[in-house]
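# Structural overview
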Amino acid sequence: MTVVAPAVAERFRPGQFVAVAVGGEHTSLLARRCLPVYEVKPDYGGTVEFVFSADDPGSRWLASRRSRDALDLIGPLGRPFPLPRDPAACLLIGGAHGSSGLFALADALRQRDCKVHFVLAAPHAHQVYGALSAQRIGDSSTVITRDGSLGTAGMLPDLLPGIIDRTEADVIYAAGPTGLLSAVSGIASALGIPCQVSLGELLGETGACGIGVCASCVLPVIGDDGHTRMVRACVEGPVLRGERIRWNDLGTIPLDALGGPRAPQTALEAAP
Amino acid sequence: MDLSTRIGAVTLANPLLTASGCGGTGRELSPYTDLARLGAFTTATVMGRPRAGRPTPRIAETPSGLLNAMGLPGPGLDAFLARDLPWLAGHDVSVVVSVGGSSVQEFAEIAGRLAASPAARPIVGVEVNVACPNAEDRGRMFAASPAAAADVVRAVRGAIHRDVPVLAKLSPDVTDIATIALACADAGATGLSLINTVSGLAIDPATLRPALSGVAGGLSGPALRPVALRCVYQVHAAIPELPIIGGGGVATGSDALEFLVAGATAVSVGTTLLHDPSAPQRILRELEEALAARGMARPGDAVGLAHRPASAGPQIARPRTRIEEFS
Ligand SMILES: Cc1cc2nc3c(=O)[nH]c(=O)nc-3n(C[C@H](O)[C@H](O)[C@H](O)COP(=O)(O)O)c2cc1C
Ligand code: FES
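Residues numbered from 1 in each chain as written. Chains lettered and ligands numbered in written order. Predicted model: local features only at pLDDT ≥ 70, side-chain atom pairs only at ≥ 80, totals over all residues. Heavy atoms only, no water.

Operational definition: UniProt positions are given in the numbering used here, feature names are shortened, and annotations may be inferred rather than shown by experiment.
As recorded by an unreviewed UniProt entry, chain B carries the name Dihydroorotate dehydrogenase and is attributed to Actinocorallia herbida. Of chain B, the UniProt comment under Sequence similarities (unreviewed entry) reads exactly: "Belongs to the dihydroorotate dehydrogenase family. Type 1 subfamily." Listed in UniProt under the heading Subcellular location (unreviewed entry), the comment for chain B reads: "Cytoplasm".

Rendered as structure tokens:
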């Protein structure tokens, strides 16, 4: 969906998201939908495009908007992808429609003379998003489907080390399902490659406000001091360093997290 | 219009407050709402120690409402005093601090440290969240028993300067909320905050399991409003002189007016902030218009009007019909 929102388009940096109110003015739906931004364009006064699947009453309402309808949207929100200071070889890994968040990033990396290699992975061909764009803008583009219905047949974790080797990747960026992000983070940290992941999907599932007031979108993250804290995906993320996230503990409060059942009783601050 | 309203010895610039736990630390809300123009900003419930709360999913969407089971997450009192309260003071925000504890002792300690803190200047009220589970009573809410709620109120009242209002925030999940309210008033509460969420449950249609990690959660938003209005009405009827901060699903100025006429002296906005963080200023403007349209000069003119006998209400001239005309 493309909306005219010049103030959002102007300030947007790749990796950020928008929080959209769904259901109309007299809505019975109170939670905002946090949606990653696919692209912003200066034309028509500044447009913002985002991709979502219409799989609940709120997003179905959103999908049924017509041109010139007004939309209640807050953005750009969240922490964007940090960019390398010097030209680097960047590997952009997108899982299913999560890859929509990577194309604006690719443009920004290009402007910094970075090499951009795409990997798009999905269970089936129809879940691959942006294969043509990736081919067009990427220095290379690899499509992987589990059943071989498009590109290479196989599982991303098996194929990734080879791709990292071939592209001589200095940095990895990933967006998509948390299972894929976890696998990518594991491989990247084993190889000592910096890895930034976008938790857009987790935020989409758990977020209700998008601006940090409801604290519903939390996940356990290890801070600079080695302590685990529950941080909010919408304001401390949605982009985080892959190796800082306690992937196996998503959806739990680790016993040793700050304020958790067995944490040392210190007066550490909650936010990293 | 003079929008100011009084809670005990304190005068608030206007009757609109944020509800506890729905405005973050204030910083998150500040780009959308001018916090200095609120009657007061209410903090999330502050506990003694850092608490991670419950895992996600913590919020589920329900018809015209939200269900939340957060587990009272927060950085604890030290971080609140060192970081959040000074920030609010620096931005000229009037602050109601919501305090919680798992024992009467913990409530008293937190209140005492709050009162002694050099950062206490912006505090215009202390809200006692008696919906906390009482560790000394197998996790039963303090709010469920008049005696336990009163004990907590008395402990906090004793620790806080007498000019600072102490407000007991009650739960609607009780047989007779007026009894709890009376017990709190007797224990020294300056006023009441009505209401906290009502317990509910949502099922995830995909997994066929409870949607929240905490299984049951608290229902908030417009779905809660009739319950909240009933509580405000009942308590005002029982103790008309006691100030009440009414709230539950307030989203418009007209909603706010409903709470005033039911007996509230001020109104809190909670879940609406998650949906529309810029709502408070709009609601306040709408409330002002709603009062003016009825010829009222101040919010106080509306308080408790719904309790007048029907004959005292505005007389609407209806053409009289004689029975005979139909026969
Ligand atoms: C996300 C969320 C967090 C809340 N946290 C607190 C809290 O920390 N302390 C408290 O007393 N009430 C808390 N509440 C309850 C609200 O302050 C309020 O009493 C209730 O939601 C009803 O009002 P509303 O419909 O305007 O939200 C919370 C509510 C929500 C939705
Ligand atoms: S979505 Fe509300 S705090 Fe993150």
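## Describing the overall build of chain A
As a reminder, the rule being used: For helices the rule is a DSSP run of H or I covering at least 4 residues; for strands it is a run of E covering at least 2, with both sets numbered from the N terminus onward. Taken over C-alpha atoms, the radius of gyration is set against a globule rule of 2.2 Å times the number of residues to the power 0.38. Each residue is placed in one exposure class: buried if its accessible area under a 1.4 Å probe, protein chains only, is under 20% of its type's maximum, exposed if it is over 50%, and partly exposed if it falls in between. A contact between two residues is defined here by any heavy atoms of the two lying within 4.5 Å. The Shrake-Rupley method, run with a 1.4 Å probe sphere, supplies the accessible areas, and residue values consider only the shown protein chains as cover. Neither His nor the chain ends contribute to the count of charged residues, in which Lys and Arg are positive and Asp and Glu negative. Here the site of a charge means NZ on Lys, CZ on Arg, CG on Asp, or CD on Glu.
In terms of helices and strands, chain A carries seven helices and 14 strands. The C-alpha atoms of chain A give a radius of gyration of 19 Å, which matches the 19 Å a tight globule of 272 residues would have. A principal-axis box enclosing the C-alpha atoms of chain A has dimensions of 55 × 50 × 35 Å. Within chain A, the fraction of its 272 residues that count as buried is 53%. Long-range pairs, those at least 24 residues apart, make up 60% of the contacts in chain A with a sequence separation of at least 6. Accessible surface, chain A as shown: approximately 12,000 Å² in total, 50% of it carbon and sulfur. Here chain A contributes 23 positively and 27 negatively charged side chains, and the mean placements of these two sets differ by 3 Å.

## Remarks on the UniProt feature "active site" (unreviewed entry) in chain B
All names here are of chain B. Here, UniProt's "active site" (unreviewed entry) annotation points to C132. Of note, C132 is situated in the loop between strand 8 (123-129) and strand 9 (133-134). By relative accessible area, which is 1% here, C132 ends up buried. Not counting residues within four places of it along the chain, the set of residues in contact with C132 comprises M47, L72, G100, G101, F107, R140, M141 and F142.

## Section: helix 4 (residues 177-186) of chain B
All names here are of chain B. What helix 4 keeps buried is the set I177, A178, I180, A181, A183 and C184. Check the buried side of helix 4 and you find it contacts helix 3 (146-159), strand 11 (166-170), strand 12 (191-194) and helix 5 (225-238). G188 sits one or two residues past helix 4 and shows a positive phi near 110 degrees.

## Some details on the site of ligand 1
Residue and element names in this part refer to chain B. Rules: Any residue with at least one heavy atom within 4 Å of a molecule or strand is counted as near it. Any pair of nitrogen or oxygen atoms within 3.5 Å is treated as a polar contact; in protein, a donor-acceptor pairing is required on top of that, and neighbouring residues in sequence qualify only through side-chain atoms on both sides. Under the scheme applied, nonpolar residues are Ala, Val, Leu, Ile, Met, Phe, Trp, Tyr, Cys and Pro; charged residues are Asp, Glu, Lys and Arg; polar residues are all the others, including Gly.
Near ligand 1, the surroundings consist of 19 residues, among which S20, T45, K169, G249 and T271 are the closest. At 2.6 Å from a nitrogen atom of ligand 1 is found a side-chain nitrogen or oxygen belonging to T45. Contact distances for ligand 1 include 2.6 Å between an oxygen atom and a backbone N or O atom of G249. A total of 600 Å² of accessible area belongs to ligand 1 in isolation, and the protein chains cover 95% of it. Partitioned by chemical class, the residues of the shell around ligand 1 number five nonpolar, 13 polar and one charged.

## Quick word on the sheet that holds strand 5 (residues 73-77) of chain A
In any sheet, the strands associate via hydrogen bonds between backbone groups, in a parallel or an antiparallel arrangement. Residue and element names in this part refer to chain A. This is how the line gets drawn: Here a strand pair is declared whenever DSSP counts at least two bridges between the two strands. An axis is simply a line fitted to the C-alpha atoms; with a helix, the fit covers only the stretch in contact. Between two such axes, the angle follows the N-to-C directions and lies from 0 to 180 degrees.
Within the open sheet, the five strands sit side by side as 1-4-3-2-5. Their pairing is antiparallel. Each edge of the open sheet carries a strand with a single partner, namely strand 1 (2-4) and strand 5. Averaged over all pairs of adjacent strands, the angle between their axes in this sheet comes to 35 degrees, without regard to strand direction. By the bridge criterion, four bridges tie strand 2 (residues 17-20) to strand 3 (residues 33-41) in an arrangement that is antiparallel. Within strand 3, the residue paired with V18 across the bridge is L35.

## Some remarks on the UniProt feature "binding site: substrate" (unreviewed entry) in chain B
All names here are of chain B. Feature annotation in UniProt places "binding site: substrate" (unreviewed entry) on N68, A69, M70, G71, L72, N129, N196 and T197, given in this structure's numbering. Mapped onto the elements, A69 comes out in the loop between strand 6 (65-68) and helix 1 (77-90). Setting aside chain neighbours within four positions, we find A69 in contact with R54, R58, L212, G214, A216 and G217. On the secondary structure map, T197 appears in the loop between strand 12 and strand 13 (198-201). Exposure remark for T197: the relative accessible area of 23% places this residue in the partly exposed category. The residues touching T197, leaving out its near neighbours within four places in the chain, are N68, S171, P172, D173, G218, L219, S220 and L224.

## Side note on the side chain of S98 of chain B
Residues and elements named next belong to chain B. For S98, the location among the structural elements is in strand 7 (residues 95-99). Polar contacts involving the side chain of S98 include one to the side chain of T45, which spans 2.7 Å. Among residues more than four places away in sequence, those in contact with S98 are S20, T42, T43, A44, T45, V46, E127 and N129.

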